[in-house]
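Each chain, written out:
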Amino acid sequence: MVGDVDQLPSVGPGQILADMITSGAVPVVRLTEVFRQAAQSRIITNAHRINQGAIPDFGKPEGDSDFYFVQADDPETAVPLIIELVKTRIPHRFGFDPIRDIQCCAR
């Protein structure tokens, strides 16, 4: 089996991969080098903070960044903001196609 226990939890019931790893019943290899983002990526540094039990850095980034925190006080405010980000702001800022290049996940 291949997976990443540091990703979002399973959508369905159970945590099969995490349970197998913590059981000690199967050999486990943990990859530690990140290839998808640069070493100083704010995504990576904040992911490591979360894995260590620390609060992510939600501060406004200086210059270009790959991690932004946008606050919304309630769902009625969040939904149109997310639509605007995905449909307009992110594609214009990064040159993405909003249909092919952007994914939204809700929990």
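Just above, that's the structure.
Described in the following lines is the structure provided in the data block. (Residues numbered from 1 in each chain as written. Predicted model: local features only at pLDDT ≥ 70, side-chain atom pairs only at ≥ 80, totals over all residues. Heavy atoms only, no water.)

1. Some thoughts on the environment of Asn51
Part 1 of the reasoning: Along the chain, Asn51 falls in helix α2 (residues 42-51).
Part 2 of the reasoning: For the pair Asn51 and Gly3, spaced 48 residues apart in sequence, the C-alpha to C-alpha distance is 16 Å. (Helix = DSSP H or I, 4+ residues; strand = E, 2+ residues; numbered from the N terminus.)

2. What about the packing of aromatic side chains?
Part 1 of the reasoning: Per the counting criterion, the structure on display carries 2 aromatic pairs.
Part 2 of the reasoning: Taking 4.2 Å as the distance between ring centres and 35° as the angle between the ring planes, the aromatic pair formed by Phe58 and Phe69 counts as tilted. With Phe58 in the loop between α2 and α3 (75-94) and Phe69 in the loop between α2 and α3, the pair connects residues that are 11 residues apart, well separated along the chain.
Part 3 of the reasoning: Assessed through its relative accessible area of 39%, Phe58 is described here as partly exposed.
Part 4 of the reasoning: With a relative accessible area of 43%, Phe69 lands in the partly exposed category.
Part 5 of the reasoning: When the centroid spacing of 5.8 Å and the interplanar angle of 20° are considered together, the rings of Phe94 and Phe96 count as stacked.
Part 6 of the reasoning: The class of Phe96 is partly exposed, set by a relative accessible area of 38%.
Part 7 of the reasoning: We note Arg93 situated over the ring of Phe94; from NZ or CZ to the ring centre the distance is 4.9 Å. (Phe/Tyr/Trp six-rings, centres within 6.5 Å; stacked < 30°, edge-to-face > 60°. Buried < 20%, exposed > 50% of the residue type's maximum accessible area, 1.4 Å probe, protein only. Lys NZ or Arg CZ within 6 Å of the ring centre and 35° of its normal.)

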